[in-house]
Amino acid sequence: QVQLVESGGGLVQAGGSLRLSCAASGYTFSSYAMAWFRQAPGKEREFVAALRWSGGAIYFTYYADSMEGRFTISRDSAGNTVYLQINSLKPEDTAAYYCAARTGIQSVVAADYDYWGQGTQVTVSS
């Protein structure tokens, strides 16, 4: 069974940085996409970034325009962990951040993803 477990969230002052981690297990597809979404109270789940590769070390990244260059998605060399680096945190970044996975190409639509982690909370104080 595919399992995704997020970690790295916490309470941070505005202007600080966090690196979120998504540890994956049981995902053996040679071609798939990973993504980060976030959801604030009362709002829809929002696409943040995605990563796609077909085995090997080469991968491609995609970002929502609204992230303004402050977010970086990456993976470790073994492909077991996907990261989301967030710099210059703003209060509006406060949300639960979710890791997701799907076979096939990347998507900005949450419903297209097959597997989800439990989420990790990021809270930015002002």
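As a starting point, this report considers the structure included with it. Please read these numbers as outputs of a predicted model, since none were measured by experiment.

### Considering the state of the cysteines
Evaluation of the coordinates by the stated rule reveals 1 disulfide. Paired by a disulfide, Cys22 and Cys99 hold their sulfur atoms 2.1 Å apart. On the sign convention where negative is left-handed, the bridge of Cys22 and Cys99, at about -75 degrees about the S-S bond, is left-handed. Here Cys99 lies in strand S9 (residues 95-103) and Cys22 lies in strand S3 (residues 18-25), a separation of 77 residues in the sequence. The exposure class assigned to Cys22 is buried, which follows from its relative accessible area of 0%. Given a relative accessible area of 0%, Cys99 falls into the buried group.

### A short note on the environment of Thr81
Its place among the elements puts Thr81 in strand S8 (residues 81-86). With a relative accessible area of 15%, Thr81 lands in the buried category. The spatial distance from the C-alpha of Thr81 to the C-alpha of Ala50 is 13 Å, given a sequence separation of 31 residues.

### Structural notes on the side chain of Glu6
One can find Glu6 in strand S1 (residues 3-7). The side chain of Glu6 sits in the buried core without any salt bridge; Arg45 is the nearest counter-charge, 7.6 Å away. Within the local environment of Glu6, its side chain forms a polar contact with the backbone nitrogen of Gln118, the two atoms lying 2.9 Å apart. Looking at Glu6, its side chain comes within polar contact range of the main-chain nitrogen of Gly119, at 2.8 Å.

### As for the packing of aromatic side chains
Overall, the coordinates contain 5 aromatic pairs when judged by the stated rule. A centroid spacing of 5.6 Å and a plane angle of 70 degrees characterise the contact between Phe37 and Phe47, whose relative ring orientation is edge-to-face. Taken as a pair, Phe37 in strand S4 (residues 32-39) and Phe47 in strand S5 (residues 46-53) lie far apart in primary sequence, 10 residues in all. When sorted by exposure, Phe37 lands in the same class as Phe47, which is buried. Look at Phe37 and Tyr113: their rings are 5.4 Å apart centre to centre, the planes differ by 75 degrees, and that puts the pair in the edge-to-face class. Of the two residues, Phe37 is situated in strand S4 and Tyr113 in the loop between S9 and strand S10 (115-116); the sequence distance between them amounts to 76 residues.

### Description of the side chain of Arg102
Here Arg102 shows up in strand S9. Buried Arg102, no salt bridge; nearest opposite-charge side chain is Asp112, N-O distance 5.0 Å.

### Re the pairing of S5
Counting buried positions along S5 gives 6 out of 8 residues, so the element sits mostly inside the fold. Bridge count between S4 and S5: 7 bridges; the pairing is antiparallel. Considered in S5, the bridge of Ala35 is made with Ala50. In textbook terms, the turn of a hairpin is the stretch between consecutive antiparallel strands, and for S4 and S5 this stretch comprises 6 residues, one of which, Gly42, has a positive phi near 80 degrees. Pairing between S5 and strand S6 (residues 59-63): 5 bridges, direction antiparallel. Looking across to S6, one finds that Trp53 is bridged to Tyr59.

Rules behind the numbers
Residues numbered from 1 in each chain as written. Predicted model: local features only at pLDDT ≥ 70, side-chain atom pairs only at ≥ 80, totals over all residues. Heavy atoms only, no water. Disulfide = S-S within 2.5 Å. Helix = DSSP H or I, 4+ residues; strand = E, 2+ residues; numbered from the N terminus. Buried < 20%, exposed > 50% of the residue type's maximum accessible area, 1.4 Å probe, protein only. Lys, Arg positive; Asp, Glu negative; His and termini not counted. Salt bridge = Lys/Arg side-chain N within 4 Å of Asp/Glu carboxyl O. Polar contact = N/O pair within 3.5 Å; in protein donor to acceptor, adjacent residues only side chain to side chain. Phe/Tyr/Trp six-rings, centres within 6.5 Å; stacked < 30°, edge-to-face > 60°. Pairing = 2+ DSSP bridges.

These figures come from the coordinates and say nothing about function on their own.
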